[in-house]
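Residues per chain, in single letters:
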Amino acid sequence: RAADCWHHGTPLPRNHRPPHDSMKRKHEATKVLGDIAADFRCSITATLIADPVITADGHLYERAAIAEWLRTRDTSPKTGKRLDSKILTPSPTVRSATERLIDSGHLPVEEVREWQTRKAAVLIRDGRTEDAKAMLLDAKAAGDAGAGLHLGKLFLAEARSLIAEAEAAGVEDAAETLRAHWPSA
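No experiment lies behind these values; they were computed from the predicted model shown.

Criteria and thresholds
- Residues numbered from 1 in each chain as written.
- Predicted model: local features only at pLDDT ≥ 70, side-chain atom pairs only at ≥ 80, totals over all residues.
- Heavy atoms only, no water.
- Helix = DSSP H or I, 4+ residues; strand = E, 2+ residues; numbered from the N terminus.
- Buried < 20%, exposed > 50% of the residue type's maximum accessible area, 1.4 Å probe, protein only.
- Contact = heavy atoms within 4.5 Å.
- Axes fitted to C-alpha atoms, helices over the stretch in contact; angles between N-to-C directions.
- Left-handed = near helix turned anticlockwise from the far one by under 90°.
- Nonpolar A, V, L, I, M, F, W, Y, C, P; charged D, E, K, R; others polar.
- Pairing = 2+ DSSP bridges.
- Salt bridge = Lys/Arg side-chain N within 4 Å of Asp/Glu carboxyl O.
- Core = buried A, V, L, I, M, F, W, Y, C linked by side-chain atoms within 4.5 Å.
- Parallel < 35°, antiparallel > 145°, perpendicular 65-115°, else oblique.
- Phe/Tyr/Trp six-rings, centres within 6.5 Å; stacked < 30°, edge-to-face > 60°.
- Lys NZ or Arg CZ within 6 Å of the ring centre and 35° of its normal.
- Expected span 1.5 Å × (residues − 1).
- Arc of directions from axis to C-beta.

(A) Just the overall build of the protein, in detail. Each helix and strand in the protein was counted, giving 7 helices and 5 strands. The secondary structure elements of the protein, listed N-terminal to C-terminal, are β-β-α-β-β-α-β-α-α-α-α-α. Per-residue burial over the protein gives 28% buried out of 185 residues. Residue pairs at least 24 apart in sequence account for 41% of intrachain contacts in the protein once pairs closer than 6 positions are excluded.

(B) Representation of the packing of helix α5 (residues 129-141) against helix α6 (residues 145-168). The geometry of α5 relative to α6 is characterised by a closest axis approach of 8 Å and an angle of 150 degrees between their N-to-C directions. As α5 runs across α6, the sense of the crossing is left-handed. The segment α5 lies against α6, with Thr 129, Glu 130, Lys 133, Leu 136, Leu 137, Ala 139 and Lys 140 engaging Ala 147, Gly 148, His 150, Leu 151, Leu 154, Phe 155 and Glu 158. Classifying every residue of the contact of α5 with α6 by side-chain character gives 7 nonpolar, 3 polar and 4 charged.

(C) Region of the structure containing the sheet that holds strand β5 (residues 89-90). Across the sheet, which stays open at both edges, the 3 strands sit in the order β4-β3-β5 with antiparallel pairing between neighbours. Single-partner strands in this sheet number two, and they are β4 (60-62) and β5.

(D) Local environment of the pattern of salt bridges. Scanning the entire structure with this criterion turns up 12 salt bridges. For Lys 119, the salt bridge is made with Glu 99, and the minimal N-O distance between the two is 3.3 Å. Taken together, the positions of Lys 119 in helix α4 (residues 109-125) and Glu 99 in helix α3 (residues 92-103) put the pair 20 residues apart, joining distant regions of the chain. Using a relative accessible area of 28% as the deciding quantity, one classes Glu 99 as partly exposed.

(E) Molecular detail of the nonpolar core. Membership of the largest hydrophobic core comes to 29 residues, with the highest contact counts inside it found for Phe 40, Leu 48, Ile 66, Ile 102, Leu 107 and Trp 115. The set of elements that each furnish at least two residues to this core consists of β4, α2 (63-72), α3, α4, α5 and α6.

(F) Structural detail: the packing of α4 against α5. Interaxial distance between α4 and α5 falls to 8 Å at its minimum, and their mutual angle equals 165 degrees. Relative to α5, the element α4 is oriented roughly antiparallel. Between α4 and α5 lies a crossing of left-handed hand. Contacts between α4 and α5 pair Arg 113, Trp 115, Gln 116, Thr 117, Lys 119, Ala 120, Leu 123 and Ile 124 from the former with Thr 129, Asp 131, Ala 132, Met 135, Leu 136, Asp 138 and Ala 139 from the latter. Residues of the contact of α4 with α5, tallied by class, amount to 8 nonpolar, 3 polar and 4 charged.

(G) Inspection of the packing of aromatic side chains at higher detail. Enumeration according to the criterion identifies 0 aromatic pairs in this entry. Taking the ring centre of Trp 69 as reference, the NZ or CZ of Arg 73 above it sits at 3.9 Å.

(H) Unusual backbone geometry, seen in detail. Not every positive phi belongs to a glycine, and Ala 46 is a case in point at roughly 65 degrees. Look at Ala 46 and you get exposed, because its relative accessible area is 56%.

(I) Up close: the environment of Ile 163. If you trace the backbone, Ile 163 turns up in helix α6. Separated by 14 residues in the primary sequence, Ile 163 and Thr 177 place their C-alpha atoms 8.9 Å from one another.

(J) Here's a closer look at α3. An ideal rise of 1.5 Å per residue puts 16 Å on 12 residues; α3 measures up with 16 Å between its terminal C-alpha atoms. Taken as a whole, α3 has its buried residues at Val 94, Ala 97, Thr 98, Leu 101 and Ile 102. The buried residues of α3 occupy an angular sector of 145 degrees when projected down its axis, which confines them to one face. Along α3, exposed side chains directed more than 90 degrees from the buried face belong to Thr 93, Arg 100 and Asp 103.

Right, here's the structure in full:
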């Protein structure tokens, strides 16, 4: 019995586990979460889904991938059978579960970075540019070069928008100042 064991003269608590046991548990948790993550991978892209949708036959896909597939086909990528409809239904439950998996710290760093970059693109599409910037900055800080590229594109788009606004408002001096700071805009 654990209560009868002594460690440096102090009884061990009943729920005491040796340090190697906690490492084993962490490894098991990582494996289980990895197995769960496999259920949230798009069968077209083989990546963790950032923008999950469900097709008429009940299968889960990345929105952009299945939309491209359905542009030229009317069949399910998983079954090959004709779909009754091309309507894509968002899956907030899968989105939330995937975000929890990402936040768990149990997925490979490269996979998390790649997901963050794709998720930022979804946020930009949905008009949530500040959230996208924050996510891209985190991914870039973690070493994702692709995130830096997307940040650059986002900032360039914002610069172009500011120049257009300044020109439309007749504030040519402001537009010239912006052009001087962002010559490629």
